[in-house]
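Residue-level structure breakdown
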Amino acid sequence: MSGALSGKAIIGPEYASFVRELKERIVSARVSAARAVNGAMIRLYWDIGQGIVERQKSLGWGQSVVEALAKDLQREFPGKAGVSTRNLWDMRRFYEAYG
């Protein structure tokens, strides 16, 4: 760092106030980001559940399609949680309960 403050201790109420302000902004941004991600995931789960339900009805797909989807999605996204058979069933139930 260069300039007048280089090597000097920063003391004073203005500095403490600035640090407090930055901490509040960082916490607020993190909370906002988490809420945005949660909202996006809920919409995705809803859409997946809706897609399964609608295709089962319109195309006559049976229950085994959920297991097939889980296998194909797990193959496409190895090591990623969220696309297990159980989770896909949960997404389907979520859509049915609130759709």
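Residues numbered from 1 in each chain as written. Predicted model: local features only at pLDDT ≥ 70, side-chain atom pairs only at ≥ 80, totals over all residues. Heavy atoms only, no water.

Things to note about helix α3 (residues 85–98)
With 14 residues, α3 ought to run about 20 Å at 1.5 Å a step, and its terminal C-alpha atoms sit 20 Å apart, in line with that. When we look at burial in α3, the residues that qualify are Leu88, Trp89, Met91, Arg92 and Tyr95. Take α3 and look down its axis: the buried residues cluster within an arc of 155°, on one side only. Residues of α3 that are exposed and point more than 90 degrees away from the buried face comprise Arg86, Ala97 and Tyr98. Its buried side turned inward, α3 meets α1 (13–59) and α2 (64–76). (Helix = DSSP H or I, 4+ residues; strand = E, 2+ residues; numbered from the N terminus. Expected span 1.5 Å × (residues − 1). Buried < 20%, exposed > 50% of the residue type's maximum accessible area, 1.4 Å probe, protein only. Arc of directions from axis to C-beta. Contact = heavy atoms within 4.5 Å.)

Quick notes on the packing of α1 against α3
The interhelical angle for the contact between α1 and α3, taken along N-to-C directions, is 85°, at an axis separation of 7 Å. With respect to α3, the element α1 is oriented roughly perpendicular. Of the residues in α3, those touching α1 at Ile42, Tyr45, Trp46, Ile48, Gly49, Gln50, Ile52, Val53, Glu54 and Gln56 are Leu88, Met91, Arg92, Phe94, Tyr95, Glu96 and Tyr98. A per-class count over the contact of α1 with α3 returns eleven nonpolar, three polar and three charged. (Axes fitted to C-alpha atoms, helices over the stretch in contact; angles between N-to-C directions. Parallel < 35°, antiparallel > 145°, perpendicular 65-115°, else oblique. Nonpolar A, V, L, I, M, F, W, Y, C, P; charged D, E, K, R; others polar.)

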